[in-house]
Amino acid sequence: MKPFFTIHKLPGVPRLALKLLHAVGIANGETFSHRFTAVYLLFIFIIAIPKLFCGYTSFEASVVGLAELFFQLNNFTGLLLVLVSSKQLQCLVRVGQTIADEVFQRAQADMRQLLTSHHKRMHKWTRYYCLVILYTVSIFAIAPICATFWSYVRAAHRNTTAQYVLHMEEDFYGLQIRSSLRDYLMFAIPMVPMSYVCAYVGCAKIMIVFNFTSYCTVYFRLVALQLQCQTRTVPSDRDSIRTIVTIHQQALCCADLLETIVSPIMLMQIVLCVLMSSSMILYFTFATMSGHMINVLLLFLVVSTETFGYCYLGTQLSMESARIAYAVYNGKWEQQPREIAKHLRLILLRAQKPIGITAGKFCYINMEQFAKLLKTTYSVFILLRDLL
């Protein structure tokens, strides 16, 4: 486990998040795309088809099953969209590394320290998140089988009916997984590795969006701090200002590439979040406390927390890009020599463009949008409640 989390490359881009993608054949060229094709086919045949076409035992079971399907569809299709944008992702990595090289070669020590500390912090939190997911999915994969065997042995001694605990709420190609131990094992054996695959895909998708959004944010923060340092004196150093102009242009390029990659992912996230959350809230209004309700509640919390994280990071990205305009305005740019003032005006002009991540170009993903999302979810819930 330790060698996987060990990275021996310079800071600048999220190496560990990219390593997660490399394992499933993304961001490593088209030669390895067959890996993710195999992963997606597993999702289709083990999760999607049974949940869509094999039926459910009750209305509550159908709500849980469809909620699980939408949740996994969001993760697998999100990573598929990353694969489709693999060329943009590789370009984003190259530009980000170019910014890091500029910082380590020409910037001041505190700028290098900022980038290094951010890299270490993101690497640490990514590693912790991966380990938490690993330990959690290990419990999730093994616990149902152990509980089923315990129930089967106890039922044999007491002459009662055994309870078969499923990994996911679904029927499986006509097998009697709720009444036959043999059929249950035929279902549980492929579900154990599939549970790890689902966890890995979800982890990779979340970490690639979180990490690259955070790194783009720190690129703009570097530009703002460099401007604050260089514009304290009149005249400022000409070469340093030119370097800032170059880094700012590269940071804008990174933001555009990030927007191209995550925009369709965010659109799908927003749509599925509204549909899942509103249907789950409707389910809570009539369901009694049971294992189904606990599963739905956990899915609701995970989806809501994930969407909140995207909105928070989108807000941070927009704020840091806007800080550059304030740094130029407060940096005595009008007192600088003509050539330096020209460069600063160029930075100021470029900083006027709103920067952020959007949901399919329809709206920016930020905290304001998260509040609107909550209102929309409640409105859809009211509509569904009235219809039913």
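Residues numbered from 1 in each chain as written. Predicted model: local features only at pLDDT ≥ 70, side-chain atom pairs only at ≥ 80, totals over all residues. Heavy atoms only, no water.

Trainee: What exactly am I supposed to notice about the UniProt feature "transmembrane region" (unreviewed entry) in the chain here?
Mentor: Here the UniProt-annotated "transmembrane region" (unreviewed entry) positions come out as residues 38-59, 65-84, 128-153, 184-203, 265-286 and 292-313. Measuring from the first to the last C-alpha atom of residues 128-153 gives 37 Å, for a span that is 100% helix and 0% strand. Taken end to end, residues 184-203 has its terminal C-alpha atoms 28 Å apart, with 100% of it in helix and 0% in strand. (UniProt positions renumbered as here; feature names shortened; annotations may be inferred. Helix = DSSP H or I, 4+ residues; strand = E, 2+ residues; numbered from the N terminus.)

Trainee: I would appreciate a short explanation of the side chain of Gln 72 in the present structure.
Mentor: Within the secondary structure, Gln 72 is located in helix H4 (residues 59-84). Setting aside chain neighbours within four positions, we find Gln 72 in contact with Phe 43, Ile 47, Met 168 and Cys 198. (Contact = heavy atoms within 4.5 Å.)

Trainee: Sorry if this is basic, but what is going on with the packing of helix H5 (residues 86-106) against helix H6 (residues 109-158) here?
Mentor: Packed helices, taken two at a time, are described by their axes: the angle between them and the distance between them. Axis separation between H5 and H6 bottoms out at 8 Å; the angle between their running directions is 140°. Classified by the angle their axes make, H5 and H6 are oblique. For the element pair H5 and H6, the recorded crossing hand is left-handed. Here H5 contributes Ala 100, Val 103 and Phe 104 to the contact with H6, which in turn contributes Met 111, Arg 112, Leu 115 and Thr 116. Partitioned by chemical class, the residues of the contact of H5 with H6 number five nonpolar, one polar and one charged. (Axes fitted to C-alpha atoms, helices over the stretch in contact; angles between N-to-C directions. Parallel < 35°, antiparallel > 145°, perpendicular 65-115°, else oblique. Left-handed = near helix turned anticlockwise from the far one by under 90°. Nonpolar A, V, L, I, M, F, W, Y, C, P; charged D, E, K, R; others polar.)

Trainee: Would you take a moment to explain the packing of helix H2 (residues 15-23) against H6 for this structure?
Mentor: Where H2 meets H6, the closest approach of the two axes is 8 Å, and the angle between their N-to-C directions is 40°. One finds that H2 runs oblique with respect to H6. On H6, the residues touching Arg 15, Leu 16 and Leu 20 of H2 are His 119, His 123, Thr 126, Arg 127 and Cys 130. For the contact of H2 with H6, a count of residues per class yields three nonpolar, three polar and two charged.

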